[in-house]
Amino acid sequence: MTSQGKSRQLIPRHILFGNAERASPQLSPDGRYLAWLAPVQGVLNVHLKDLSRDGDQDGHPVTFDRHRGIRSYLFARNCRHLLYVQDEDGDENWRLYCVDLSRIEADYVPAAVNLTPSNGVQVRIIATSIDRPDELVVGLNNEDPSRHDPYLLDLRTGELNRLFRNPGLVGLVADRHLEVRAGALPGEDGSLRIFVRSGAGGGDPADLTSWRPVLEVPHEDALNTGVVGFDRAGESLLLLSSLGTNSTRLVEMDLTTGHERILAEDPIYDISAVHRNPVTRKVEMVGFRRARQELVAVDPSVADDLAALLEPERGDLFIATRTTDLSVWLVGYTRDRGPVEYYRYNRATRTRTFLFAHRPELYDYELAAMEPFSYEAGDGWRIHGYLTFPPG
């Protein structure tokens, strides 16, 4: 034991690699609900806590998977539906399930509804929008296993309507009106061509000739270049791009002129996260993958919030979710010497409330620090790495 009462014994594998006690928390867009993943009889399921009810102290499961567990979920923009994807026995034919939160009572949770029940079909969530909160765009490869056609899904009725037959694009992106207007075409040599279309009335989207190429990406940049999304007006495209640079930067492309404006960059380090205002769609923060993960304010309106939240000794800050009105944030800190800790941050008071740690058993062990280092290689390039020494 150390002077702080921490053990230096070998950490049991289940503490490091088993299911976390709680993980992947999210706030509903209106801030009423807090959800997270936690095991039920050893299987990961979604748990929910109603923050508007004093009696709901510990929350309760709202899904009841008994096989592979749930690892990906989200709140619909209408704050009424909780969505998650699940396959069968690892076949990767993901299906989309929905739990109606408005029907939950003290001793009753409605069964999840399978919204994409076709066998041998994989679903992908393409887009949600606060402008159309009861709908979302999903991709289904029900006609061609190699192509996901975009469908508009109405959560009120469960109705699916195909928007168009996919002409062969991947990474489809929709604007705030849920019009699918961007995608990429992979080349045989590993390159990418990014295409856009004008939206409704812009020709037949099933015909690739109705799409306009706006960016040619060679294979050496394809891994770090892609579309983030459209601006609110749908006139500009946000891109992560490593074209002509050493690192990935964030640029805004005017779709009329093709002019690119750099929004954020670092000459050495890649951008690892982009946070946009859910209403205005303006970029507010970006994360850089430096020696430590670092969040930087792009919009001055969040500079004071980051100043209140950034504490290097606590860990590397990340934003898990934010409410639509941005009044409440769910943030976390990743640490090399302890578990991930999650907090609820109130912007009005600039205070945070501890929620939970993902693996609290790690508090009992002395963990080793991860120390960054760099050196210059023979060709002049700088090599970055990390070094860990055993405790003591």
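Up top you'll find the structure we're talking about.
These notes cover the structure that comes with them.

Rules and cut-offs
- Here the residue numbers are simple positions, counted from 1 along each chain's written sequence.
- For a predicted model such as this one, the threshold for reporting local features is a pLDDT of at least 70, and the threshold for listing and counting side-chain atom pairs is 80 or more; totals across whole chains, interfaces and linings nevertheless cover every residue.
- Water and hydrogen atoms play no part in the side-chain values, which are based on all heavy atoms of the structure.
- Secondary structure elements are defined from DSSP: runs of H or I of at least 4 residues count as helices, runs of E of at least 2 residues count as strands, and each element is numbered from the N terminus.
- Using C-alpha atoms as the atom set, the radius of gyration is obtained and then compared with a globule rule of 2.2 Å times the number of residues to the power 0.38.
- Under the scheme applied here, a residue whose accessible area is under 20% of the maximum for its type counts as buried, over 50% as exposed, and between as partly exposed, the area being computed with a 1.4 Å probe on protein chains only.
- For this analysis, residues touch if any pair of their heavy atoms sits within 4.5 Å.
- In these tables, accessible area is a Shrake-Rupley quantity obtained with a 1.4 Å probe, and a residue counts as shielded only by the protein chains included in the view.
- Counted as positive: Lys and Arg. Counted as negative: Asp and Glu. His and the chain ends are not counted at all.
- Throughout, a charge is located at the NZ atom of Lys, the CZ atom of Arg, the CG atom of Asp or the CD atom of Glu.
- Any two strands with at least two DSSP-identified bridges between them are counted as paired.
- Only the stretch in contact is used when fitting a helix axis, every axis being a line fitted to C-alpha atoms; angles between N-to-C directions are given from 0 to 180 degrees.
- Between the rings of Phe, Tyr and Trp (Trp by its six-membered ring), a pair exists once the centres lie within 6.5 Å; its type follows the angle of the planes, with under 30 degrees stacked, over 60 edge-to-face, and the other angles tilted.
- For a ring to carry a charge above it, either NZ of a lysine or CZ of an arginine must fall within 6 Å of the ring centroid while also lying within 35 degrees of the normal to the ring plane.
- Pairs of N or O atoms within 3.5 Å make up the polar contacts considered here, provided that, within protein, one atom can donate a hydrogen while the other can accept it, and that residues adjacent in sequence are counted only when both atoms are side-chain atoms.
- Put simply, buried Ala, Val, Leu, Ile, Met, Phe, Trp, Tyr and Cys residues joined by side-chain atoms within 4.5 Å make one nonpolar core.
- By convention in these notes, a salt bridge is any Lys or Arg side-chain nitrogen within 4 Å of a carboxyl oxygen on Asp or Glu.

Quick look at the overall build of the protein chain
- Along its length, the protein chain carries 3 helices and 29 strands.
- Taken over the C-alpha trace, the protein chain has a radius of gyration of 23 Å; the compact-globule value for 392 residues is 21 Å, and the two agree within 12%.
- In terms of overall dimensions, the protein chain has a C-alpha envelope of 70 × 65 × 45 Å along the principal axes.
- Burial status across the protein chain gives 45% buried among its 392 residues.
- Here the analysis covers contacts within the protein chain between residues at least 6 apart in sequence; of these, 35% occur between residues at least 24 apart.
- Approximately 20,100 Å² of the protein chain is accessible, and the part contributed by carbon and sulfur atoms is 48%.
- Seen as two clouds, the 44 positive and the 57 negative side-chain charges of the protein chain have centres 3 Å apart.

So, the sheet that holds strand β13 (residues 170-174)
- Pairing is antiparallel across the open sheet formed by 4 strands, whose spatial order is β13-β14-β15-β16. Whereas interior strands pair on both sides, the edge strands pair on one side only; in this sheet they are β13 and β16 (212-217). Neighbouring strand axes in the sheet, compared pairwise and without regard to direction, differ in orientation by 20 degrees on average.
- As defined by bridge partners, β13 adjoins strand β14 (residues 180-186) across 3 bridges and the pair is classed as antiparallel. Following the sheet pairing, Val170 is matched in β14 by Ala184.

Considering the packing of aromatic side chains
- In the structure shown here, the tally under the stated rule is 10 aromatic pairs.
- Centre to centre, the rings of Trp36 and Phe356 are 6.1 Å apart; their planes meet at 55 degrees, and the pair counts as tilted. With Trp36 in strand β2 (residues 33-40) and Phe356 in strand β27 (residues 351-357), the pair connects residues that are 320 residues apart, well separated along the chain.
- On the accessibility criterion, Trp36 (2% relative accessible area) is buried.
- Through pairs of rings, three or more aromatic residues link up here, namely Trp36, Phe318, Tyr342 and Phe356.
- Its guanidinium or amino end placed over the ring of Trp329, Arg322 lies 5.2 Å from that ring's centre, counting from NZ or CZ.
- A cation sits over an aromatic face here: Arg352 above Tyr343, 5.7 Å from the ring centre.

A short note on the side chain of Asn141
- Within the element layout of this structure, Asn141 appears in strand β10 (residues 135-144).
- Using a relative accessible area of 8% as the deciding quantity, one classes Asn141 as buried.
- Separated by 3.1 Å, the side chain of Asn141 and the backbone oxygen of Pro145 make a polar contact.
- Aside from chain neighbours lying at most four places away, what touches Asn141 is Val121, Gln122, Arg147 and His148.

Looking at unusual backbone geometry
- Residues other than glycine seldom take positive phi values, yet Cys79 does so here, at roughly 65 degrees.
- Looking at the element boundaries, Cys79 is found in the loop between β5 (73-75) and β6 (81-86).
- Residue classification places Cys79 among the buried positions, given a relative accessible area of 15%.
- One non-glycine residue, Leu326, lies in positive phi territory at about 65 degrees.

Some words on the nonpolar core
- One finds Ile194, Val214, Leu215, Leu237, Leu239 and Leu255 to be the most contacted residues of the largest nonpolar core, which totals 16 residues.
- Of all the secondary-structure elements, those providing two or more residues to this core are β14, β15 (192-196), β16, β18 (236-241) and β19 (249-254).
- Leaving out residues up to four positions away in the same chain, Leu255 has contacts with Arg181, Val196, Arg212, Val214, Phe230, Gly234, Glu235, Ser236 and Leu237.
- Membership of the second largest hydrophobic core comes to 15 residues, among which are Tyr33, Ile70, Leu82 and Tyr97.

Some details on the pattern of salt bridges
- The full count for this structure, using the stated rule, is 28 salt bridges.
- The closest approach of N and O atoms between Arg147 and Asp144, which form a salt bridge, is 3.9 Å.
- According to the relative accessible area criterion, Arg147 is partly exposed, its value standing at 33%.
- Through salt bridges with shared partners, a single network forms among Glu143, Asp149, Arg162 and Arg165.

Brief notes about the sheet that holds strand β9 (residues 123-128)
- Spatial ordering of the open sheet is given by β9-β10-β11-β12, a layout of 4 strands whose pairing is antiparallel. Looking at which strands have only one partner, the edges of the open sheet turn out to be β9 and β12 (160-162). Ignoring which end each strand starts from, the neighbouring axes of this sheet average 35 degrees apart.
- Where β9 meets β10, 5 bridges bridge the pair, whose relative direction is antiparallel.

Some remarks on the side chain of Arg322
- Mapped onto the elements, Arg322 comes out in strand β24 (residues 316-322).
- The residues touching Arg322, leaving out its near neighbours within four places in the chain, are His275, Arg276, Asn277, Glu284, Met285, Val328 and Trp329.

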